Amino acid sequence: MEKELKQWYLKLLKWSILTLIFMISRPFIAWHGFELVIVGGIFYCLFIFGVCVWLQCLTIRRK
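Residues numbered from 1 in each chain as written. Predicted model: local features only at pLDDT ≥ 70, side-chain atom pairs only at ≥ 80, totals over all residues. Heavy atoms only, no water.

(A) Spatial organisation of the packing of helix 1 (residues 2-25) against helix 2 (residues 34-62). Between helix 1 and helix 2, the shortest axis-to-axis distance is 9 Å and the interhelical angle comes to 160°. In terms of axis orientation, helix 1 runs roughly antiparallel to helix 2. Crossing geometry of helix 1 relative to helix 2 is assigned as left-handed. The residue inventory of the contact of helix 1 with helix 2, partitioned by class, reads 18 nonpolar, six polar and three charged. (Axes fitted to C-alpha atoms, helices over the stretch in contact; angles between N-to-C directions. Helix = DSSP H or I, 4+ residues; strand = E, 2+ residues; numbered from the N terminus. Parallel < 35°, antiparallel > 145°, perpendicular 65-115°, else oblique. Left-handed = near helix turned anticlockwise from the far one by under 90°. Nonpolar A, V, L, I, M, F, W, Y, C, P; charged D, E, K, R; others polar.)

(B) Region of interest: the state of the cysteines. Across all of its chains, the model carries zero disulfides by this definition. Note on Cys-45: no disulfide assigned, nearest cysteine sulfur contributed by Cys-52 at a separation of 10 Å. Note on Cys-45: relative accessible area 12%, which makes it buried. Cys-57 takes part in no disulfide bond, and the closest cysteine sulfur to it belongs to Cys-52, at a distance of 11 Å. In this structure Cys-57 comes out as partly exposed when scored by relative accessible area, which is 39%. (Disulfide = S-S within 2.5 Å. Buried < 20%, exposed > 50% of the residue type's maximum accessible area, 1.4 Å probe, protein only.)

(C) Layout of the packing of aromatic side chains. Following the criterion strictly, the structure yields three aromatic pairs and no others. Ring plane angle 70° and centroid distance 5.4 Å describe the contact between Phe-22 and Phe-34, whose orientation is recorded as edge-to-face. Remark: Phe-34 occurs in helix 2 and Phe-22 occurs in helix 1; sequence separation between them is twelve residues. Taking the relative accessible area as the measure of exposure, Phe-22 reaches 24% and is therefore partly exposed. A residue is classified by how much of its surface remains accessible, and Phe-34, at 9% relative accessible area, is buried. Clustering of aromatic rings is evident, with ring pairs tying together Trp-15, Tyr-44 and Phe-47. Over the face of the ring belonging to Trp-8 we find Lys-11, whose NZ or CZ atom lies 4.8 Å from the ring centre. (Phe/Tyr/Trp six-rings, centres within 6.5 Å; stacked < 30°, edge-to-face > 60°. Lys NZ or Arg CZ within 6 Å of the ring centre and 35° of its normal.)

Structure representation (structure tokens):
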């Protein structure tokens, strides 16, 4: 379980950095749909964070 949790945390880190890069580069990209990509990235990060919290609670309960 902890190996899976570590993988989810790494996935969260990668997506958070990618979303941050998108947010920084937003003024340089002239595509109007790019803001939807940023919002989608934020919601995906929130989803992954929820999965991490859920797996962490399961790990704590088992110990």
